[in-house]
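Letter by letter, the chains look like this.
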Amino acid sequence: MPLFAYKALASNGSVSTGEIDATDRPEALRMLDRKGLQPVNLRETAPAVQAAKKSAAKAKSEESPRAVAKANAKEAPIPEGPIKLKRQEVVLFTEELSDMLSAGLQLEPALKSMENRQELGNLKAVSFKIRQIVRDGVNFSVALKKVSPSFGSLYCSLAAAGEASGALDTILKRQAHYLKTLAELQSRLILAMIYPAFLVLAGIVVSIVFVTTLIPQLTQLIESTPGGKIPLGAAILIAVSDFLSKWWIVIVLTLIASFVFFKAWKDNAANQPTWDRMKLKLPLIGRVITSRFYVQFLETMANLVGNGLPLLRALELSRDATQNRSLRAELNKVIDQVGDGRSFSKALIRNGAFPPLLIDMISVGEQTGKIDQSLRRAAERYDKELDKDLQRIMALIMPSVLIVMAGLIGAMAYLMITAIFQTISNLG
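Residue positions are counted from 1 within each chain, in the order its sequence is given. Restriction of local features to residues with pLDDT of at least 70 applies here, the model being predicted, together with a cutoff of 80 or more for giving and counting side-chain atom pairs; totals for whole chains, interfaces and linings are based on all residues. The side-chain numbers reported here are obtained from all heavy atoms of the structure, hydrogens and water having been left aside.

Asks: Would you mind going over the overall build of the protein with me for this structure?
Replies: Looking only at helices and strands, the protein features 17 helices and three strands. Contacts: residue pairs with any heavy atoms within 4.5 Å of one another. By sequence separation, contacts in the protein at least 24 residues apart represent 58% of the contacts at least 6 residues apart. A run of H or I in DSSP counts as a helix once it spans at least four residues, and a run of E counts as a strand once it spans at least two, with each numbered from the N terminus.

Asks: Just to check I follow, could you spell out the packing of aromatic side chains for this structure?
Replies: To describe a pair of aromatic rings, one takes the distance between the centres and the angle between the planes. Working definition: rings of Phe, Tyr and Trp (its six-membered ring) pair if their centres are within 6.5 Å, and the pair is stacked with planes under 30 degrees apart, edge-to-face with planes over 60 apart, and tilted otherwise. Inspection of every chain in the model, using the stated rule, returns eight aromatic pairs. With centroids separated by 5.0 Å and ring planes inclined at 45°, the aromatic side chains of phenylalanine 151 and tyrosine 155 adopt a geometry described as tilted. Using a 1.4 Å probe on the protein chains alone, a residue whose accessible area is under 20% of its type maximum counts as buried, one over 50% counts as exposed, and one in between counts as partly exposed. With a relative accessible area of 3%, tyrosine 155 lands in the buried category.

Asks: Just checking my understanding: could you explain the packing of helix H6 (residues 122-135) against helix H7 (residues 140-147) for this structure?
Replies: Between two packed helices, the angle of one axis relative to the other and the distance separating the axes together describe the packing. Where helices are involved, their axes are fitted lines through C-alpha atoms of the stretch in contact, as for all axes, and angles between N-to-C directions lie from 0 to 180°. It is the contact of H6 with H7, at a shortest axis distance of 9 Å, that shows an interaxial angle of 135°. With respect to their mutual orientation, H6 and H7 come out oblique. Judged by the sense of rotation from one axis to the other, the crossing of H6 with H7 is right-handed. Of the residues in H7, those touching H6 at Val126, Lys129, Ile130, Ile133 and Val134 are Phe140, Ala143, Leu144, Lys146 and Val147. The residue makeup of the contact of H6 with H7, split by class, is eight nonpolar, no polar and two charged. Note that the term roughly parallel is reserved for angles under 35 degrees, roughly antiparallel for angles over 145, roughly perpendicular for angles of 65 to 115, and oblique for everything else. In this scheme, a crossing is called left-handed if the near helix is turned counterclockwise away from the far one by less than a right angle; it is called right-handed if the turn is clockwise. Residue polarity is assigned by list, with Asp, Glu, Lys and Arg as charged and Ala, Val, Leu, Ile, Met, Phe, Trp, Tyr, Cys and Pro as nonpolar; anything else, Gly included, falls into the polar class.

Asks: For this particular structure, what's the right way to read helix H11 (residues 272-280)?
Replies: Three- or four-residue spacings in an α-helix give side chains the same orientation, since the helix completes a turn every 3.6 residues. What H11 keeps buried is the set Gln272, Trp275 and Asp276. Taken end-on, H11 shows its buried residues confined to a sector of 100°, consistent with a single buried face. It is the directions from the helix axis to the C-beta atoms whose arc is reported.

Asks: Sorry if this is basic, but what is going on with the nonpolar core here?
Replies: Across soluble globular proteins, you tend to see nonpolar side chains buried next to one another. In this text, buried Ala, Val, Leu, Ile, Met, Phe, Trp, Tyr and Cys residues form a nonpolar core when linked through side-chain atoms within 4.5 Å. Counting residues in each nonpolar core, the largest one holds 35 residues, and the members touching the most others are Phe93, Leu97, Ile130, Phe140, Leu144 and Phe151. Put simply, the parts of the chain that give this core at least two residues each are helix H4 (87-102), helix H5 (107-115), H6, H7, helix H8 (152-165) and helix H9 (168-224). Ignoring anything within four residues of it in the chain, the contact list for leucine 97 reads Leu107, Ala110, Leu111, Met114, Phe140 and Leu172. Core analysis: the second largest hydrophobic core is formed by 32 residues, Phe297, Ala314, Leu331 and Phe354 among them.

Asks: How should I be thinking about the pattern of salt bridges in this particular structure?
Replies: Side chains carrying opposite charge are able to pair once their charged atoms draw close together. The term salt bridge refers to a pairing of a side-chain nitrogen on Lys or Arg with a carboxyl oxygen on Asp or Glu at a separation within 4 Å. Within this structure, the stated rule accounts for 11 salt bridges. A salt bridge links lysine 263 to aspartate 267; its shortest N-O distance comes to 3.0 Å. Of this pair, lysine 263 and aspartate 267 are both found in helix H10 (residues 232-267), four residues apart, which corresponds to roughly one turn of the helix. Here aspartate 267 falls in the partly exposed class, since its relative accessible area comes to 41%. The closest approach of N and O atoms between glutamate 316 and arginine 313, which form a salt bridge, is 3.5 Å.

Dropping the structure here:
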């Protein structure tokens, strides 16, 4: 009879490993189910492997506790301090944890299961440290902040909202989808920018050749020609070339200093609300930021309200999950008005910063008593709008770069050719 090696979760969250005799794999799964075990890994072992495992198990049973402790000491140590994760690792952690929570596991047993996985790398250490903190009675969102800065304030705020509403698995699943969408967008942007980057590089090289070689030669040719006169356009181009040749170091240093000053101004806490307002007014980008806010705000509100949280508390948690300070200030006004007894839709109307379509959908939800469904439908609508805006931006990148580079190189070539023809006509 075949022998199956298994690794399974018990009802108390502990991990159980062993072997079981069964006629086939479905029979082995049924036997584990009758024992109250949830299989994590189940595979059939070959006869030679079975014998080797039996001998290894016998040898292991004869080992002294000191030898076992020595073997355990060889495992990878848990790093001290915060652990930095790659974005893909954050996505993997979020997906794994949300799947386990959706399957009915409690938070601590789910973290324990991830801690015992063999292929998760740094996530094993992260799961271990988070589980230790959560076991001491600390909230999961607080544990995330303590263990790794890679989760970010938005992630932790959404986790706190999920804990408060009892929908942590749903919140984490949506966050995993958001992170994967963001990573896909960045990869698409990089691929779309490869060709324009080559064009920009080629344009810079051609401009340098014009400024350093061709324009000085053209100037000498025109000046050495009897009666030669430099056209106005060529004169402007030559003046710009001379200026760049003499002052390029100053220009580069000025640009670097401006960038450093702007970054310091932007990172100052007193200036961040102003910068957030400016981002919302940027062409194309401001629309994307606003649409992304609507999607995140509406999805979070739908999950919180749908899980029985009071509207005012759901608004407060959604505000905490909003990174843009300008939009957060608008939510604060809405929260104050809802706290004074106004309905959600009327508070949005009085605020004046939210689109009429969103307000109408929320108003319908209030009238029908299904506000969570209305919020979710509104989120889906704005998610489609966001996707259209992103596709529009991606489609505009390459033509814009082509037009700019063609205009720059074409203008310089036209001015040089005009100067050359005028010189030839003077010679005639």
